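# Geometric and topological summary
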Amino acid sequence: MVDSPCVRNCCLDQQDCCLGCGRKIDEIMEWHQATDLRRQQILVLAAARMAETHQQVAFRRLGVNPSE
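The present account deals with the structure reproduced in this document.

Conventions and cut-offs
- Every chain is numbered on its own, with residues counted from 1 as its sequence reads.
- It should be noted that, the model being predicted, local features are given only for residues of pLDDT at least 70 and side-chain atom pairs only at 80 or more, the latter also being counted only at that level, while totals for whole chains, interfaces and linings use all residues.
- Only hydrogens and water are set aside when side-chain values are computed; all heavy atoms of the structure are taken into account.
- Secondary structure elements are taken from DSSP: a helix is a run of H or I of four residues or more, a strand is a run of E of two residues or more, and numbering for both begins at the N terminus.
- In this scheme, a residue with accessible area under 20% of its type's maximum is buried, one over 50% is exposed, and one in between is partly exposed, where area comes from a 1.4 Å probe on protein chains only.
- Only heavy atoms matter for contacts: two residues are in contact if any of them lie within 4.5 Å across the pair.
- Only the protein chains shown count as cover for residues, with accessible areas throughout obtained via the Shrake-Rupley method and a probe of 1.4 Å.
- Charged-residue counts in this description rest on Lys and Arg as positive and Asp and Glu as negative, His and the chain ends being excluded.
- To locate a charge, the coordinates of NZ of Lys, CZ of Arg, CG of Asp or CD of Glu are taken.
- Stacked, edge-to-face and tilted labels apply to pairs of Phe, Tyr and Trp rings (six-membered ring for Trp) whose centres lie within 6.5 Å, assigned for plane angles under 30 degrees, over 60, and everything in between, in that order.
- Cation placement over rings: the criterion is NZ of Lys or CZ of Arg within 6 Å of the ring centroid and within 35° of the ring normal.
- Each patch is built from residues lacking any salt bridge and having more than 30% relative accessible area; the joining distance is 9 Å for like charges and 5 Å for nonpolar side chains (Val, Leu, Ile, Met, Phe, Trp, Tyr).
- For this analysis, a salt bridge means a side-chain nitrogen from Lys or Arg found within 4 Å of a carboxyl oxygen belonging to Asp or Glu.

The subject of this paragraph is the overall build of the protein chain. Broken down by element type, the protein chain carries 2 helices and 0 strands. Within the span of the protein chain, comprising 68 residues, buried residues form 22% of the whole. Counting contacts in the protein chain only where the partners sit at least 6 residues apart, residues at least 24 apart contribute 37% of the total. Surface accessibility of the protein chain: about 5,100 Å² in total, with carbon and sulfur atoms responsible for 55%. Positive and negative side-chain charges of the protein chain, numbering 8 and 9 respectively, have mean locations separated by a distance of 4 Å.

Spelled out as structure tokens, the structure:
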């Protein structure tokens, strides 16, 4: 059984992505009915989103625009 990544810090951004766990709203709603394989896929996607979010925050703090 794959445990939920929920950290009880639910707050959705403009793309309906949870700032606490990185899952999209549809993935959160799907979680309880998802197979273990699907849950693992969701975790990989959520981790990638969280990494991207953290990188963007770090760039902003440094005053760096990575697109330049």
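Topologically, Ile25 is positioned in helix H1 (residues 25-30). Overall, the relative accessible area of 31% leaves Ile25 in the partly exposed class.

Moving on, we come to the environment of Ile42. Positionally, Ile42 belongs in helix H2 (residues 36-62). Judged by relative accessible area, Ile42 falls into the buried class, the value being 0%. For the pair Ile42 and Glu30, spaced 12 residues apart in the sequence, the C-alpha separation amounts to 9.7 Å. Contact partners of Ile42, with chain neighbours within four places excluded, come to Arg23, Glu27, Glu30 and Trp31.

So, about the packing of aromatic side chains. All told, the structure shown has 0 aromatic pairs when counted by the stated rule. For Arg23, the ring lying beneath its charged end belongs to Trp31, and the centroid distance is 5.2 Å.

A few words on a nonpolar patch on the surface. On the surface, Leu12, Ile25 and Met29 cluster together into a nonpolar patch covering about 280 Å² of accessible area. Overall, Met29 belongs to the exposed group, its relative accessible area being 64%.

Our focus in this paragraph is unusual backbone geometry. One non-glycine residue, Arg8, adopts positive backbone phi at about 60°. Counting through the fold element by element, Arg8 comes out in the segment before H1. Taking relative accessible area as the criterion, Arg8 reaches 73% and is therefore assigned exposed. Backbone geometry at Asp16 places phi at a positive 60°, although glycine is not the residue there. With respect to the secondary-structure elements, Asp16 resides in the segment before H1.

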